[in-house]
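Here are the chains, one letter per residue:
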Amino acid sequence: MLMNCKSIVGCLVLLVVFCEGKEGRNLKYKKGKTTTTTTTTTTSTATPPASTNATSAGTSTRAYTVVSSSTLTNQIIVGYQGWFTYPGDGAPIDKWKHWFADDSPYDPSPENLHIDLYPMMDEYDDTDLGESNVTMPDGSKAKFYSNAKPNVVKKHFEWMADYGISGAFHMRFMVDLDIEKNYDWKTGVLRNVRDAAEATGRVFAVSYNIAGTATNLFGGDVLDDIKNDWMNLVDNELITSSDRYLRNNGLPVLRIFGIGFKSVDVTDTTKLAALINWFKTDPKYKVFLIGGVPSRWRERIGDSRQEIAWQGIYRSLNGIHPWHVARWTTLSEWESYYKNTILKDAAECVKYSQLYMPTMWPGFSWHNLKHDASPQPPINQIPRLGGNFMWQQAYRYVADKNIKTVWMAQFDEVDEGTAIFKVAKNQNEVPADGDWLSLDADGKALPNDWYLRLCGEAQKMLQKKIKLTNKIPIKP
């Protein structure tokens, strides 16, 4: 039975997850000039699409065009969770995370699966994979990667480069960040993200997530904790010293997701306003601050808190990024939503000199994540329509004169079925155990990398390298 999408919005806003993750490397990076023509080299075994300048045979030296890190304009940036682990991967938490249910972190069995999409594992080093108790069609055990492994994250950024995707916002969840092993894990992945961006000429930025947080983490308020953590990332991890850290209007870009949501227990607008002001004015830690806000932020209805003080909070941000995943379920709903909400949101942001970054997403499925729900949501809950569901969003966004940048949700979100990286193209490539969504679910044969290709084409369209069209411009 299909669950009404409107009934899942509150849970979705929380991203249905509480991640687990101190000491910085204190390595100094020589800051170079940002350019769109400089190239850098690295090695990889990926097989890129024909459109890239990388060779495809075996281990090769790769040359990448370096994406400008000085602006968000004409950039499609992916959300990057980077939250997957397995026991023995070197991460301090030493358990299965996100592949399988949190209440069974040491039992990687089919009944505990947390994901609907199975990532292709053939391009990762076997030493970076953990074996589960899930069986593949050939009788072998399904393997899964860990983001604690630097080469895994590098592989993901190589794919971004191969398909012309600018880079990533890496999620930094505040939940349990005060626990040392969680901090070490999460910060280790952030270092991997930085190194991968530097190796491939991509950009990266930090995105804090306060969804699901209590009001006293680290023995204090989560807003204080964000401030302290950011100072640590700047001073000790030297995150913003990287020439690949994304900037806009001359400032490092920082996003905070969870501002203004009814479902997020952060309600002190006075303290939030003070934090925003600090981020916008402090001489050393000043940033270009983007708020990850509710989809109905402008009207202060639906998923947004309604008090008038929130209007001031929203308008004080440098940029607005509404969370749009699952806010429409069909193409007709999309057209109505764009006309009645997004079009007006973008115009409002221009009026108040704010950047507007809408969310683009390919489809949605969280059947295994919600295995305890009654009724359990079906596989392929919001169909991708062979890519057309996503492409119609790309078309409207690029055609809108008030939209200059787009958030792609998400690169690796297999828990909720929005991932665009390489996943199983048909049921022959998924494990024999459990229920799985494959890319042919809508009756069209598609390659494993189809959504990476579509995202790259959308990037070209945004940059006017291909013509504006509501028809997918490439063939599978």
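Relevant structure appears above.
Throughout what follows, the structure given in this document is the object of discussion. (Residues numbered from 1 in each chain as written. Predicted model: local features only at pLDDT ≥ 70, side-chain atom pairs only at ≥ 80, totals over all residues. Heavy atoms only, no water.)

**Re the side chain of Arg-202**
Then comes step 1: Mapped onto the fold, Arg-202 is located in the loop between α3 (180–200) and β7 (203–209).
Then comes step 2: Buried Arg-202, no salt bridge; nearest opposite-charge side chain is Asp-162, N-O distance 8.4 Å.
Then comes step 3: Here the side chain of Arg-202 touches Ile-165 through a polar contact of 2.9 Å, landing on its backbone oxygen. (Helix = DSSP H or I, 4+ residues; strand = E, 2+ residues; numbered from the N terminus. Buried < 20%, exposed > 50% of the residue type's maximum accessible area, 1.4 Å probe, protein only. Lys, Arg positive; Asp, Glu negative; His and termini not counted. Salt bridge = Lys/Arg side-chain N within 4 Å of Asp/Glu carboxyl O. Polar contact = N/O pair within 3.5 Å; in protein donor to acceptor, adjacent residues only side chain to side chain.)

**Topic: the nonpolar core**
Then comes step 1: Judged by nonpolar contacts, the single largest core of 139 residues is most densely connected at Trp-99, Trp-230 and Phe-279.
Then comes step 2: Tallying contributions element by element places helix α9 (residues 450–462) first for this core, with eight residues.
Then comes step 3: With sequence-adjacent residues up to four places away left out, Trp-230 is seen in contact with Val-206, Tyr-208, Thr-240, Tyr-245, Leu-254, Trp-278, Phe-279, Tyr-285 and Val-287. (Core = buried A, V, L, I, M, F, W, Y, C linked by side-chain atoms within 4.5 Å. Contact = heavy atoms within 4.5 Å.)

**Things to note about helix α6 (residues 309–316)**
Residues three or four positions apart in an α-helix share a direction because the helix packs 3.6 residues into each turn.
Then comes step 1: For α6, the full list of buried residues reads Trp-310, Ile-313 and Tyr-314. End-on, the buried residues of α6 take up no more than an arc of 95 degrees, which puts them together on one face.
Then comes step 2: Residues of α6 that are buried sit in contact with α5 (269–281), β10 (288–293) and β11 (319–322). (Arc of directions from axis to C-beta.)

**Some remarks on the pattern of salt bridges**
Then comes step 1: Scanning the model with the defined rule gives 17 salt bridges in all.
Then comes step 2: For the salt bridge of Arg-194 with Asp-195, the shortest nitrogen-to-oxygen distance reads 3.7 Å.
Then comes step 3: For Asp-195, a relative accessible area of 29% puts it in the partly exposed group.

Geometric values such as these leave the question of function open.
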